[in-house]
Amino acid sequence: MEPPKLSPGGGVRVAATSQSLLDLPPQEHRQAAAFWQAEGFRLSFAPSCWEAGLFHTPASGARVRGLHEAFCDPDVSLIIAARGGFCANELLPRLDYGLIARCPKPFCGYSDNTALLNAIYAKTGLVTYHGPHYSTFVHPQEPEYTRRAFFDCAAGQGALAMRPSHTAGRWRVLQEGACTGVALGGNLCTLNLLQGTPYWPNMQGAVLFLEDDNIMGEYFCREFDRNLESLLQAAGSGAVRGLVFGRFEESCGLTEELLRAILKDKLPPSLPVICGADFGHVLPIMTFPVGGRVRLRAEGEEAAIVFESR
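Rules behind the numbers
- Residues numbered from 1 in each chain as written.
- Predicted model: local features only at pLDDT ≥ 70, side-chain atom pairs only at ≥ 80, totals over all residues.
- Heavy atoms only, no water.
- Phe/Tyr/Trp six-rings, centres within 6.5 Å; stacked < 30°, edge-to-face > 60°.
- Lys NZ or Arg CZ within 6 Å of the ring centre and 35° of its normal.
- Buried < 20%, exposed > 50% of the residue type's maximum accessible area, 1.4 Å probe, protein only.
- Helix = DSSP H or I, 4+ residues; strand = E, 2+ residues; numbered from the N terminus.
- Pairing = 2+ DSSP bridges.
- Axes fitted to C-alpha atoms, helices over the stretch in contact; angles between N-to-C directions.
- Contact = heavy atoms within 4.5 Å.
- 1 Å grid on protein atoms, 1.4 Å probe; cavity = no way out; pocket = protein on both sides within 12 Å on 5 of 7 lines; lining within 4 Å.
- Points joined across faces, edges and corners; volume = space filled by probe spheres on them.
- Nonpolar A, V, L, I, M, F, W, Y, C, P; charged D, E, K, R; others polar.

Participant: Tell me what's going on with the packing of aromatic side chains, and back it up with residues and numbers.
Facilitator: All chains considered together, the criterion is met by 21 aromatic pairs. Consider the rings of Phe45 and Trp50, whose centres lie 5.5 Å apart with planes at 55 degrees: the pair is tilted. Ring geometry for Phe150 and Phe151: centres 5.0 Å apart, planes at 75 degrees, overall edge-to-face. Among the aromatic side chains, those forming a connected cluster through ring pairs are Phe35, Trp36, Phe41, Phe137, Phe150 and Phe151. Above the ring of Tyr97, the side-chain terminus of Lys123 is found at 5.8 Å from the ring centroid.

This is how it looks when you write it as structure tokens:
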């Protein structure tokens, strides 16, 4: 189930699904609000955007109400996460998935919102968007790429062939091959929180888009290795058709050479693998449809990603 296409003049509701906007620098908030208004959208905020509790995160009840109200409101045509953070997964058993299925709308976020994106798709079949938060659009690192990639995905028609940003330079092929499947994923450690729960998406035929941020310091690469192994085990043998890795912060220390070593013996040699793609905690970022159909081609130095449905 694809959400309605986004068009100017609609309402954008900012929802605090993890952290609120209280810690967002005022100048960044003003710039973000001006951006959405300049694009022709009517901007509104869930009350929880201005609340904070444990871990700088609003109470779960307030965050759930904010999401339910946004999906119900006929004047809202896009729901976008205020920020990332922690604890989005505690909302999952409290959400009314029947309501979401009856009022399908584009919902966009990344990082901790990975839990919500994949759970909503798993429970309702609604395609969600792994992409920018409310203020990501005004960050100075190649903002035009982030903006164009989002609107091409959320508002465009037909197949969408993605291209690398100038910052990334080019995406790299780690294993050659080609496949078509269902795009799933986001933040690796957050996605793994869904294992063993009713919110775990069906991995059969999945093309996994994976990234992670450096919250483990010097242990990042070890943690990444075992988290990836856990994910592949949970997906099941032969379920995954392709892998796309995002860009990692330099502090992670995850070089291409080390990533190749981590993947050795984990994957069939014919499974296509691309790395350095434009998503993750390093800007700029593309938007990809969680639950949408995607086609990969990895041949020599050519890495192609085409979203067939979004």
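This is not the end of the story, as more comes after the structure.
Participant: Could you give an account of helix α4 (residues 114-124), with specific residues and numbers?
Facilitator: The buried fraction of α4 amounts to nine of the eleven residues, a majority that puts the element mostly inside the structure. Within α4 the residues assigned to the buried category are Thr114, Ala115, Leu116, Leu117, Asn118, Ala119, Ile120, Tyr121 and Thr124.

Participant: Give a detailed account of unusual backbone geometry, specifying residues and quantitative values.
Facilitator: Note the cis peptide between Leu283 and Pro284, where omega equals 0 degrees. Relative to the assigned elements, Pro284 resides in the loop between β11 (273-280) and β12 (288-290). Positive phi outside glycine occurs at Ser111, with the angle close to 60 degrees. If you trace the backbone, Ser111 turns up in the loop between β4 (107-109) and α4. For Ser111, a relative accessible area of 10% translates into the label buried.

Participant: So what about the sheet that holds strand β2 (residues 42-45)? Which residues, and what values?
Facilitator: Read from one edge of the open sheet, six strands run β2-β1-β3-β4-β5-β12, paired in mixed fashion. Every interior strand has two partners, whereas the edge strands, β2 and β12, have only one. This sheet shows a mean twist of 30 degrees between the axes of neighbouring strands, independent of strand direction. Looking at chain direction, β4 and strand β5 (residues 128-130) are connected through two bridges and run parallel.

Participant: Describe the environment of Gly246, listing the residues and the values that go with them.
Facilitator: Inspection of the secondary structure puts Gly246 in strand β10 (residues 240-247). Note on Gly246: relative accessible area 2%, which makes it buried. C-alpha of Gly246 to C-alpha of Arg148: the two residues are 98 residues apart in sequence and 18 Å apart in space. What Gly246 contacts, discounting residues up to four positions off in sequence, is Leu210, Glu211, Gly276, Ala277 and Phe279.

Participant: Go over the layout of surface pockets with me, naming the residues and quoting the values.
Facilitator: Unfilled space is identified by rolling a water-sized probe across the atoms. Roughly 470 Å³ of volume is contained in the largest pocket. In terms of residue class, the lining of the largest pocket is built from ten nonpolar, eleven polar and four charged. Of the voids in this model, the second largest pocket is the one considered here, and its volume is about 280 Å³. Around the second largest pocket, the lining comprises 16 residues; the ones closest to its centre are Arg172, Arg247, Phe248, Leu254 and Gly276. Elements with a minimum of two residues in the lining of the second largest pocket: β10, α8 (256-263) and β11.

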